[in-house]
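# Structure assessment
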Amino acid sequence: MRGLRPGALTRVVALGAHCDDIPIGAGGTLLTLCAARPGVRVDALVLSGGGTGREDEERAALAAFCPGADLAVTVLKIPDGRLPSYWEQAKDALEDLRGETSPDLILAPWRGDAHQDHRGLAELVPTVFRDHLTLGYEIVKWDGDLGRPSVYQPLEPRTAEAKADLLERHYPSQRRRSWYDREAFLGLARVRGVECGARYAEAFHTRKLTLDLAGD
């Protein structure tokens, strides 16, 4: 299956409501992108976990998922599960980030996610980044909220395996969760791979996509 290849892609914004959201939803894509584009700028903003061991996990994990990138990580202290009550703080953080960068690509949760923090962040993104390509990643969990994505990034088998390895290695605090395991991560990647004609893939949702087929 032939895909469209973006031209200049030098700045990426990765957004997560919680530590581990970005690597779970888009870790394979980040590994692929950073390997293909050494020195790419990646600005990661995570809304919760700041000042805890979760922040330490996240910083180490994102460094591993973005090898060779010009990486900047910000982790805030919004309480887990309380984003609707901290709407202004989250919006201000996005506005601050927007003032520092105009990304070629944004990786963020998708609006159909059942978790209120994920969904809230997804709703905030287009109010700040209004003219940017945003891909909404999915996170497998007990809610059963996986949708019908329309955008796929195929993953080489070694990349899918590396993603699962890094998730196991860098987030020991999450290993107790029933859904947090290698089989779940590779299983979803295999299903999305079937859907796009690859062995493995990560899938995304997008509400708006503008083409430039002239290539000027």
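The structure this text deals with has already been given above.
Read on for a plain summary of the structure. (Residues numbered from 1 in each chain as written. Predicted model: local features only at pLDDT ≥ 70, side-chain atom pairs only at ≥ 80, totals over all residues. Heavy atoms only, no water.)

## So, the overall build of the protein
Put simply, the rule is: A run of DSSP states H or I qualifies as a helix once it reaches four residues; a run of E qualifies as a strand once it reaches two. Both are numbered from the N-terminal end. Between the two quantities, the radius of gyration covers C-alpha atoms and the globule rule is 2.2 Å times the number of residues to the power 0.38. Throughout this description, buried means an accessible area under 20% of the type-specific maximum (1.4 Å probe, protein chains only), exposed means over 50%, and partly exposed covers the range between. When checking whether two residues touch, look at their non-hydrogen atoms; a contact exists if any pair is within 4.5 Å. Only the protein chains shown count as cover for residues, with accessible areas throughout obtained via the Shrake-Rupley method and a probe of 1.4 Å.
The number of helices and strands found in the protein is six helices and seven strands. The helix and strand sequence of the protein, counted from the amino end, reads β-α-β-α-β-α-β-α-β-β-α-α-β. Over its C-alpha trace the protein gives a radius of gyration of 16 Å, about what one expects of a compact globule, namely 17 Å for 216 residues. Expressed as lengths along the three principal axes of its C-alpha atoms, the size of the protein is roughly 45 × 40 × 30 Å. Buried positions account for 49% of the 216 residues belonging to the protein. Across the protein, every contact between residues at least 6 apart in sequence was considered, and the portion connecting residues at least 24 apart equals 82%. As presented, the protein carries roughly 10900 Å² of accessible surface, and 48% of it is formed by carbon and sulfur atoms.

## Notes on helix α3 (residues 87-100)
For clarity, the threshold we go by: A helix's residues, less one, multiplied by 1.5 Å, set its expected span. Note that the arc is computed from the directions linking the helix axis to the C-beta atoms.
In a regular helix each residue adds 1.5 Å, so 14 residues correspond to 20 Å; α3 covers 20 Å between its end C-alpha atoms and thus fits that length. Those residues of α3 that fall on the buried side of the exposure criterion are Ala90, Ala93, Leu94 and Leu97. The arc enclosing the buried residues of α3, seen along the axis, measures out at 95°, which places them on a common side. Exposed and oriented more than 90 degrees from the buried face of α3 are Glu88, Asp96 and Gly99. Along its buried surface, α3 packs onto β1 (11-16), β2 (41-46) and α4 (116-128).

## Remarks on the sheet that holds strand β6 (residues 151-155)
Paired through their backbone hydrogen bonds, the strands of a sheet run either parallel or antiparallel. Stated formally: A pair of strands is considered paired only if DSSP assigns at least 2 bridges between the two. Here the axes come from fitting lines to C-alpha atoms, over the contacting stretch only for helices, and the angles between their N-to-C directions go from 0 to 180 degrees.
As summarised here, the arrangement of the seven strands in space is β3-β2-β1-β4-β5-β7-β6, forming an open sheet in which the pairing is mixed. Since the sheet does not close on itself, it has two edges, and those belong to β3 (70-75) and β6, each with one partner. Taking the axes of each pair of neighbouring strands and ignoring which way they run, one obtains an average angle of 25° across the sheet. Note: strand β4 (residues 105-109) against strand β5 (residues 134-137), four bridges, orientation parallel. Paired with Ile106 across the two strands is Thr134, which belongs to β5. Its contacts with the sheet put α4 on β1, β4 and β5, and the angle it makes with β4 is roughly 150°.

## Considering a positive patch on the surface
Rules: Residues forming no salt bridge and having over 30% relative accessible area are the ones grouped into patches, like charges within 9 Å of each other and nonpolar side chains (Val, Leu, Ile, Met, Phe, Trp, Tyr) within 5 Å. Only one rule defines a salt bridge in this text: a Lys or Arg side-chain nitrogen within 4 Å of an Asp or Glu carboxyl oxygen. Counting rule applied: Lys, Arg positive; Asp, Glu negative; His and chain ends not counted. To locate a charge, the coordinates of NZ of Lys, CZ of Arg, CG of Asp or CD of Glu are taken.
Taken together, the side chains of Arg111, Arg130, Arg207 and Lys208 make up a positively charged region of the molecular surface. Along the polypeptide, Lys208 turns up in the segment after β7 (200-205). Judged by relative accessible area, Lys208 falls into the exposed class, the value being 67%.

## Topic: a negative patch on the surface
Judged by side-chain charge, Glu88, Asp92, Glu95, Asp96 and Glu100 come together as a negatively charged surface patch. Following the sequence through the fold, Glu95 ends up in helix α3. Accessibility expressed as a relative area gives 38% for Glu95, which makes it partly exposed.

## A closer look at the layout of surface pockets
The test is simple: With a 1 Å grid spanning the protein atoms alone, the term cavity applies to any set of points in which a 1.4 Å probe fits but cannot get out, the term pocket to an open set with protein on both sides within 12 Å along at least five of seven lines, and the term lining residue to any residue with an atom within 4 Å of a point. Grid points are joined across faces, edges and corners, and a volume is the space filled by probe spheres set on the points. Each residue receives one of three labels: charged for Asp, Glu, Lys and Arg, nonpolar for Ala, Val, Leu, Ile, Met, Phe, Trp, Tyr, Cys and Pro, and polar for the others, Gly being one of them.
Within this model, the second largest pocket holds a volume of roughly 430 Å³. Around the second largest pocket, the lining comprises 23 residues; the ones closest to its centre are His18, Asp80, His115, Gln174 and Arg177. Only α1 (21-36) and α4 provide two or more residues apiece to the lining of the second largest pocket. Its residues assigned to classes, the lining of the second largest pocket comprises eight nonpolar, seven polar and eight charged.

## So, the packing of aromatic side chains
Definition in use: Whether two aromatic rings pair depends on their centres lying within 6.5 Å, for rings of Phe, Tyr and Trp, where Trp uses its six-membered ring; planes under 30 degrees apart make the pair stacked, over 60 edge-to-face, and the rest tilted. Any Lys NZ or Arg CZ that is within 6 Å of a ring centre and within 35 degrees of that ring's normal is treated as a charge sitting over the ring.
Summed over the entire model, instances satisfying the criterion amount to two aromatic pairs. Ring centres of Trp179 and Tyr180 lie 5.6 Å apart, and the angle between their planes is 65°; on these two criteria the pair is classed as edge-to-face. Its relative accessible area of 21% is what places Trp179 among the partly exposed residues. Measuring from centroid to centroid gives 5.1 Å for Tyr180 and Phe185, while their planes differ by 85°, and the two rings are edge-to-face. We classify Tyr180 as buried; its relative accessible area is 6%. Cluster of aromatic residues (ring-pair linked, three or more members): Trp179, Tyr180 and Phe185. For Arg199, the ring lying beneath its charged end belongs to Tyr200, and the centroid distance is 5.6 Å.

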